[in-house]
Structure formats: C-alpha cells, structure tokens
Amino acid sequence: MESEATPALVLRGVEAGYERRAVLQGFNLTVQAREVYALLGANGAGKSTVVRVACGLLPARRGSVQIGGGTHEIARIGLAPQEIALFPALSPRENVEVTAQLCRVPARQRGAAVDRALHLTGCDPRADQPVRTLSGGWRRRANLAAALVGQPALLIADEPTEGVDAATRNVLAQALRTMADDGAGCLLISHDALFVADVADRIGVMAQGRLIAEGAPQDLVETAFGADRLLDIRFARPASSRCAGLLTEAGLVQGKDGLTWSRSTSDALTLAQALAPDVDAEDGEIIVRRPGLDDLVTHLSGRQP
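Residues numbered from 1 in each chain as written. Predicted model: local features only at pLDDT ≥ 70, side-chain atom pairs only at ≥ 80, totals over all residues. Heavy atoms only, no water.

Colleague: Sorry if this is basic, but what is going on with the sheet that holds strand E5 (residues 77-80) here?
Modeller: Strand pairing within a sheet occurs via backbone hydrogen bonds; the two strands may be parallel or antiparallel. Read across the open sheet, the six strands follow the order E5-E6-E7-E3-E8-E9; overall the sheet is mixed. A strand with exactly one partner marks an edge of an open sheet, and here the two such strands are E5 and strand E9 (210-215). Across the sheet, the mean angle from the axis of one strand to that of its neighbour is 20 degrees, orientation sign disregarded. Relative to strand E8 (residues 202-207), strand E3 (residues 36-40) runs parallel, the two being bridged by four bridges. Looking at E8, one finds that Leu40 is bridged to Val205. Sheet strands touched by helix H1 (residues 47-55): E3, E5, strand E6 (154-158), strand E7 (185-189) and E8. Its angle to E5, the strand with the most contacts, is close to 145 degrees. (Pairing = 2+ DSSP bridges. Helix = DSSP H or I, 4+ residues; strand = E, 2+ residues; numbered from the N terminus. Axes fitted to C-alpha atoms, helices over the stretch in contact; angles between N-to-C directions. Contact = heavy atoms within 4.5 Å.)

Colleague: Got a minute to help me understand the environment of Leu58 in this structure?
Modeller: With respect to the helices and strands, the residue Leu58 is situated in the loop between H1 and strand E4 (62-67). As a C-alpha pair, Leu58 and Leu40 span 18 residues in sequence and 20 Å in three-dimensional space. Contact partners of Leu58, with chain neighbours within four places excluded, come to Ala16, Gly17, Tyr18, Thr49, Arg52 and Val53.

Colleague: Help me understand the packing of aromatic side chains in this model?
Modeller: Between two aromatic rings, the relevant description is the distance of the centres plus the angle of the planes. By the definition in use, this model includes zero aromatic pairs. The aromatic ring of Trp138 is capped on one face by Arg141, whose charged end is 4.3 Å from the ring centroid. (Phe/Tyr/Trp six-rings, centres within 6.5 Å; stacked < 30°, edge-to-face > 60°. Lys NZ or Arg CZ within 6 Å of the ring centre and 35° of its normal.)

Colleague: Can you walk me through the sheet that holds strand E1 (residues 9-18) in this structure?
Modeller: In space, the three strands of this open sheet follow the order E2-E1-E4, with antiparallel pairing throughout. In this open sheet, the two strands that pair with only one neighbour each are strand E2 (21-31) and E4. Across the sheet, the axes of successive neighbouring strands diverge by a mean angle of 30 degrees, strand direction being ignored. Taken together, the five bridges between E1 and E4 define a ladder with antiparallel strand orientation.

Colleague: Even after reading the chapter, I still don't get empty space enclosed by the protein, so can you show me in this structure?
Modeller: To find leftover empty space, a probe the size of one water molecule is rolled over the atoms. For the structure on display, the rule yields one cavity of 30 Å³ or more. A volume near 30 Å³ is recorded for the largest cavity. The wall of the largest cavity is formed by Ala80, Pro81, Arg140, Asn143, Leu144, Asp158, Glu159 and Pro160. Per element, the largest residue contribution to the lining of the largest cavity is three residues, and it comes from helix H4 (residues 136-148). Grouping the constituent residues of the lining of the largest cavity by class yields four nonpolar, one polar and three charged. (1 Å grid on protein atoms, 1.4 Å probe; cavity = no way out; pocket = protein on both sides within 12 Å on 5 of 7 lines; lining within 4 Å. Points joined across faces, edges and corners; volume = space filled by probe spheres on them. Nonpolar A, V, L, I, M, F, W, Y, C, P; charged D, E, K, R; others polar.)

Colleague: Honestly, helix H3 (residues 107-120) in this entry has me stumped. Any pointers?
Modeller: Since the α-helix turns once every 3.6 residues, residues separated by three or four places project in the same direction. In a regular helix each residue adds 1.5 Å, so 14 residues correspond to 20 Å; H3 covers 20 Å between its end C-alpha atoms and thus fits that length. Considered for burial, the residues of H3 that qualify are Ala113, Val114, Ala117, Leu118 and Leu120. Projection of H3 onto a plane perpendicular to its axis shows the buried side chains occupying an angular sector of 160 degrees, all on one side. Exposed and oriented more than 90 degrees from the buried face of H3 are Arg108, Ala112 and His119. Each element contacted by the buried residues of H3 is listed here: helix H2 (92-102), H4 and helix H5 (166-181). Positioned one or two residues after H3, Gly122 has a phi angle of 70 degrees, which is positive. (Expected span 1.5 Å × (residues − 1). Buried < 20%, exposed > 50% of the residue type's maximum accessible area, 1.4 Å probe, protein only. Arc of directions from axis to C-beta.)

Colleague: What am I meant to see in the pattern of salt bridges here?
Modeller: Opposite charge on two side chains allows them to pair when their charged atoms are near. Enumeration over the complete set of coordinates arrives at 13 salt bridges. Two residues, Asp278 and Arg242, come together in a salt bridge whose shortest N-O distance is 2.9 Å. Note that Asp278 is positioned in helix H9 (residues 268-281) and Arg242 in helix H8 (residues 241-249), a separation of 36 residues in sequence. Each of Glu35, Arg202 and Glu214 takes part in salt bridges that share partners, so that together they form one network. (Salt bridge = Lys/Arg side-chain N within 4 Å of Asp/Glu carboxyl O.)

Shape is all these values report; function is a separate question.
Next up, the structure:
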C-alpha cells in the first residue's frame, strides 16, 4: 500500500438516511488506493447506506464524498452489487462490453479491457453463453468483471461470494487483489469471514451507523480476544434446566437460537473437559477454537449501547 497515493474513497462527516430516519451521522471512512478494505457488521448496521452514499445513489445530507480525489464520476466507480446487475439475454462478454462503453473506455482499448476483465474473473470458459443459462457462481464472476472493466479508482464489491463454490471464491479473491495491486481501492462488503480474512488489508466494523473499530483483521481479533479461545457448545435440542444452569454458572452465554452456548476464555480446554460429562449426557457437541472475524463483529457489536 502506498500512503502517498490519493485515497480511493474519503467520506468526511457524512450524514445520510432515508426520509426522516438517520442512518449515518458524522460518519468518516477512508479507503486507500492499493488496498482492499472490508466493511463488516450485523444486518442493519449501515453498510448498504455507506455503499449507496459512496456511489452517489443516496445523497449525503451533510459532509463530503470524494472518489480518487474528485467527485462522483461513473468511470471512477465500479460497483458489483449484491443483486446481479447483468442483462440475462446477453453473454458475460456482451455485458462487459456494454459496461465498458458506459464507462467511456476508448474504443481502441475496449477489446483489450473486456478481455482482461473476463480473464481476471475467470469468465473465459463461459464468456459467450447467455447469462440466464449460467449458475450463480458464474454470474458472480461476470458481475465483478463488469464492475472492474473501466479500471475504476474505487471498486465496490457487495457480497461477491454469496452462493459460490470454493473455486469461484479463490478467483474473486485474486481479482480483488489484482485490482488493488494495480492501484484501485477496493471496498468489500461481506458476511464471508474466511473470504475477508484472505483478501482484506484492513477492516472496519460498523454498528448502529457508526464505525466502532478499524485496523488489520488479525490485529483487531488479537486486541479483542488476546490469548483466549472460544468454547462453543451446541445441542440438537434445548439443554435441560439443570444443564443450562451449569453452563450459566460456568460463564457461558446462550445464543439466540437457544441451542448454542459460548464463552471466550484462556482456560477453554480445561472448562470443556469439566463440562464434558454433562454435555455428553444430553448429546451436545463441544468445540474449542480460535476466534475469527464473525466472533469479533459479535463481540464488538454486543458492547454497543
């Protein structure tokens, strides 16, 4: 990452919302050129509103929005939305060609730009088939290809791995990294914690329309949990009142589904061994693991008023 480069996206003091409902208030965010920045948070945290403001689809009531040092220009923003934004009767190649024209890619460069976008996203084997005949994974690839064909200063990928297989995940991750290495700033919105951990240079965690934490993924996890491990206990049916009482006394917290109990502690293995006889008696499963980004979001969001 080159800190001297002009940031790909800067939101300063942004206030935005829908009708009378404010979602973002005094919101600040910077996505540097040559980095992949992932925005995480529970549903309703405000991530989609950030995307809409960054793309100019939702005007900011207050504050400023800068894309690559300037204001909104279609050629400077590439958006791969969560809902596939392709013409189903056209092929991936034809969809990307249309997008290249809209992004004002010069005619003499258009063919090479289209070929590169299709190659980066691994679309070549299905490039000339109608989109309506393609699986969800191939549509995700083509969706991202259309977003990056104009070599945008800011590339936004909203849930790009939804419903895809491992091979497609790897291709999409490499495409985002290549775009960042070539100078773009990439804003990623994703609930796919493993994908984010693989591809993101920095993450921001949102809750209630605010950015509550920001930094390198592993640094934030280590700051939040230290040497702790997570103890997860899962039941096929709700635990008996006796077992639930034991778990509560041991400091575990029941999940919203009523079937999972969790706690982070440096003594997770010892505690798991102590609880094993009672959990086994009710056909429960005990898992001790390292905390991940999903756990970080839950941990930080749970501390918000």
